[in-house]
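Overview (structure and organization)
Single-letter residue listing:
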Amino acid sequence: MDYPYDISIIISLLNEAESLPELYSWIRSSLDGKFNYELIFVDDGSTDGSWEIIKNLPQDGPHVHGIRFRRNYGKSAALYEGFKAASGKVVVTMDADLQDSPEEIPGMYEKLLGEGWDIISGWKQNRQDNKLTKNLPSKLYNATARKVTGIRLHDMNCGLKAYRNEVVKSVEVYGDMHRYIPFLAKNAGYDRITEVPVHHQKRKYGKSKFGVDRFVHGILDLMTLWFTGKFGKKPMHFFGATGILNFIIGGIIAIWLIIRKLIFQANGERFRAVTDQPLFYIALVMLVIGVLLFCTGFICEMVSRNAGGRNDYNIKEEF
């Protein structure tokens, strides 16, 4: 497939007016004369004049494409629109806060195409953030992400990444799922994923748009992705199996209590009524939960079978 550009650089931003002129100059000094590239700026509802700066960037260099949201929708929405607009052979994402270095892009481009990777993710080995509020939570978050996804990345959430164009066209980024694009790509069949160490600069202007709460949300999103990736097209395998297990355990407990009571009664021994024992009500709850989970599995299967995209598969080759 022929692409009009070697590289599409997608820059999502929110109130980065001070950084944009310097970032534009830095990109040009790093890439001009080496690649045919385009810049896609996605303004996620800025209120500080960022859009005016984007519109007034010089047009004597790379093609500049601007997308402006009416309000703040989040980074995932910005990347989704950027991915739709990207027409380069390689798609690079980076932040607008000058913490990602454009000088890393040529090396990532050559490695991606030269070694046949689908995704190359940056690894900020020497982070220039607050160690307590950013570094420690980031290490815990990435350790959890590696365990759940099976993708051996030290910095899953690094904004500087390079993708083959076909990868970004095959994934749907929504909510806060921008953190897990490598996992989304892996679920779509693009599992050649690696990382390279990249330089990380201190924030020069403004302040971070993300707080500590993003790590809590990140873990919850990770659990959602894992579940939908594993059981999205076969929900009965989870709900049905879990429901049957609960029903069997509850049934065994209830039957055991009844048989135990009958044995004691037949031998003339003292016994407690089955309905006087807390374990009996636990068994009843497990029976009810088992039935409910099984019914939930049926409902999910009906929804899944009637949902659009249930037979969408990513075909690698055809002749």
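Let us look at the structure shown here. All values derive from a computational prediction rather than experimental measurement.

Thresholds applied
Residues numbered from 1 in each chain as written. Predicted model: local features only at pLDDT ≥ 70, side-chain atom pairs only at ≥ 80, totals over all residues. Heavy atoms only, no water. Pairing = 2+ DSSP bridges. Helix = DSSP H or I, 4+ residues; strand = E, 2+ residues; numbered from the N terminus. Axes fitted to C-alpha atoms, helices over the stretch in contact; angles between N-to-C directions. Buried < 20%, exposed > 50% of the residue type's maximum accessible area, 1.4 Å probe, protein only. Right-handed = clockwise from strand over helix to strand, strands pointing away. Salt bridge = Lys/Arg side-chain N within 4 Å of Asp/Glu carboxyl O. Core = buried A, V, L, I, M, F, W, Y, C linked by side-chain atoms within 4.5 Å. Contact = heavy atoms within 4.5 Å. Expected span 1.5 Å × (residues − 1). Patch = residues over 30% accessible without salt bridge, like charges linked within 9 Å, V, L, I, M, F, W, Y side chains within 5 Å. Areas by Shrake-Rupley, 256 points an atom, 1.4 Å probe, with all protein chains shown as cover. Phe/Tyr/Trp six-rings, centres within 6.5 Å; stacked < 30°, edge-to-face > 60°.

Time to look at the sheet that holds strand E4 (residues 88-95). Overall, mixed pairing links the seven strands, which are arranged E3-E2-E1-E4-E6-E5-E7 in an open sheet. The outermost strands of the open sheet, each flanked by one partner alone, are strand E3 (63-68) and strand E7 (193-197). When the angles between neighbouring strand axes are averaged without regard to direction, this sheet yields 20 degrees. Where strand E2 (residues 37-43) and E3 come together, six bridges link them in parallel fashion. In the sheet register, Val42 faces E3, and the bridge partner there is Ile67.

Moving on to the pairing of strand E1 (residues 5-13). Burial within E1 is extensive, with eight of its nine residues counted as buried. Pairing of E1 with E4 involves seven bridges; the strand directions are parallel. By the bridge assignment for E4, Ser8 is matched with Val91. Two strands pair when backbone bridges link them, and E1 and E2 are joined in this way by seven bridges, in the parallel orientation. Bridge pairing links Leu13 to Asp43 in E2. One crossover worth recording links E1 to the parallel E2 by way of helix H1 (residues 20-31), and it is right-handed.

Counted by the stated rule, this structure contains seven salt bridges. Between Glu81 and Lys84 there is a salt bridge, with its nearest N and O atoms 3.6 Å apart. Here Glu81 and its partner Lys84 are both found in helix H3 (residues 75-85), three residues apart, which amounts to about one turn of the helix. Of the residues examined, Glu81 reaches a relative accessible area of 25% and is grouped as partly exposed.

Moving on, we come to the nonpolar core. If you look at soluble globular proteins, the nonpolar side chains tend to sit buried side by side. Residues Ile9, Ile11, Ile27 and Phe41 are the most contacted members of the largest nonpolar core, which totals 34 residues. For this core, the leading source of residues is H1, giving six residues. Excluding its chain neighbours within four sequence positions, the residues that come into contact with Ile27 are Ile9, Ile11, Asp32, Tyr37, Leu39, Met94 and Pro102. One finds Val42, Ala86, Ile119 and Leu184 within the second-largest nonpolar core, a separate group that totals 31 residues.

Taking 1.5 Å of rise per residue, the 28 residues of helix H10 (residues 278-305) would be expected to cover 40 Å, and the 41 Å separating its terminal C-alpha atoms lies within 8% of that figure. Phe280, Ala283, Met286, Leu287, Gly290, Gly297, Glu301 and Ser304 are the residues of H10 that are buried. Looking at the packing, one finds that the buried side of H10 touches helix H9 (236-266).

This next bit is on a nonpolar patch on the surface. Taken together, the side chains of Ile244, Ile248 and Ile252 make up a nonpolar region of the molecular surface, amounting to roughly 270 Å² of accessible area. Along the chain, the position of Ile244 falls in helix H9.

What follows covers the packing of aromatic side chains. Scanning all chains against the criterion turns up eight aromatic pairs. Taking the centre distance of 5.1 Å and the plane angle of 85 degrees together, the rings of Phe238 and Phe239 count as edge-to-face. Taking the relative accessible area as the measure of exposure, Phe239 reaches 16% and is therefore buried. Geometrically, the ring pair formed by Phe294 and Phe298 is edge-to-face, given 5.1 Å between the ring centres and 80 degrees between the ring planes. A residue pair is termed a helical-turn pair when its members lie 3 or 4 positions apart in one helix, as Phe294 and Phe298 do in helix H10 at four residues.

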